[in-house]
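Chain by chain, the residues run as shown.
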Amino acid sequence: MFDTSLHLLKGIDGRGCFDIDLKYLKLNCDIVRMILSGDKAQIRVLVKQANSQDEDPADQYEAGDVIAVKETWAVKDGKYIYKADYDNNYSNALWVQSTRMPDDAVRLFLRVVSVRKEKLQDISSEDMEKEGVWFPGTLDPQNEFAAMWNESLSPRKKERYSWSSNPTVWVIDFERVSNSEVVT
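Residues numbered from 1 in each chain as written. Predicted model: local features only at pLDDT ≥ 70, side-chain atom pairs only at ≥ 80, totals over all residues. Heavy atoms only, no water.

## A short note on helix α1 (residues 29-37)
Because each turn of an α-helix spans 3.6 residues, side chains separated by three or four positions in sequence point in the same direction. Operational definition: Throughout this description, buried means an accessible area under 20% of the type-specific maximum (1.4 Å probe, protein chains only), exposed means over 50%, and partly exposed covers the range between. Put simply, DSSP H or I for four residues or longer makes a helix, DSSP E for two residues or longer makes a strand, and each gets a number counted from the N terminus. The contact definition used throughout considers only heavy atoms, calling two residues in contact when any of these lie within 4.5 Å. Within 3.5 Å is the distance limit for a polar contact, defined as a pair of N or O atoms, with the added protein rule that one can donate a hydrogen and the other accept it, and that residues adjacent in sequence qualify only through two side-chain atoms.
Residues Cys29, Ile31, Val32, Met34 and Ile35 constitute the buried set of α1. Against the buried residues of α1 lie β2 (42-46), β3 (66-70), β6 (108-119), α3 (141-151) and β7 (168-177). The backbone nitrogen of Asp30 lies 3.1 Å from a side-chain oxygen of the residue at the head of α1, namely Asn28. Downstream of α1 by one or two residues, Gly38 has phi in the positive range, about 85°.

## A look at the side chain of Asp127
With respect to the secondary-structure elements, Asp127 resides in helix α2 (residues 125-130). By relative accessible area, Asp127 is classed as buried at 6%. Contact partners of Asp127, with chain neighbours within four places excluded, come to Gln42, Arg44, Arg116, Glu118 and Val171.

## Description of the packing of aromatic side chains
Definition in use: Two aromatic rings, drawn from Phe, Tyr or Trp (for Trp, its six-membered ring), form a pair once their centres lie within 6.5 Å of each other, and the interplanar angle then sorts them: stacked below 30 degrees, edge-to-face above 60, tilted otherwise.
Within this structure, the stated rule accounts for four aromatic pairs. Centre to centre, the rings of Tyr61 and Trp170 are 6.3 Å apart; their planes meet at 85°, and the pair counts as edge-to-face. With Tyr61 in the loop between β2 and β3 and Trp170 in strand β7, this residue pair connects regions lying 109 residues apart in the sequence. Considered together, Tyr61 and Trp170 belong to a single accessibility category, that of buried residues.

Written as structure tokens, this is what we have:
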């Protein structure tokens with residue numbers, strides 16, 4: 001999931017090779033939409049342990065890293081399309097899960113501005129806003145964020161990493177990077 005480098009030949013959209021080393025992150029359609037709209041500038045990612053003995057977690061991200069976002073996609077009329085660009089009723093495409101996204105289909109790149117580790121429930125009001133949860137009319141942003149977090153987990157992961165489990169997470173502040181900065 002997180003190869004440190006990526007090199008490819010021109011793909012369907014005629015884009016060239018990536019000019020820098022990348023890390024990958026699979027995101028669901030709702031989160032991709034929030035990033036594309038500018039409502040989200042921070043994300044939390046589970047800390048992966050170095051081994052099963054629960055030693056210190058291996059560092060995953062550093063300021064300056066560029067993350068290639070993998071998302072649900074399809075090919076239509078010889079071009080990549082992305083599920084996040086369509087409502088849930090769009091059924092004229094054979095959607096493919098993000099884990100199978102080819103490198104040349106990546107359209108969204110994020111540069112890590114800062115990164116830190118913390119417990120999930122230590123999220124501040126300022127961070128909730130960066131996460132895109134602090135909307136007018138939201139009575140309890142923390143409950144809103146907790147629900148969003150839990151919905152983003154697979155049933156298997158929900159047992160270990162739910163809001164109530166309070167896992168350790170990477171808190172990643174990011175900025176969008178244009179494709180021209182990443183693709184040569």
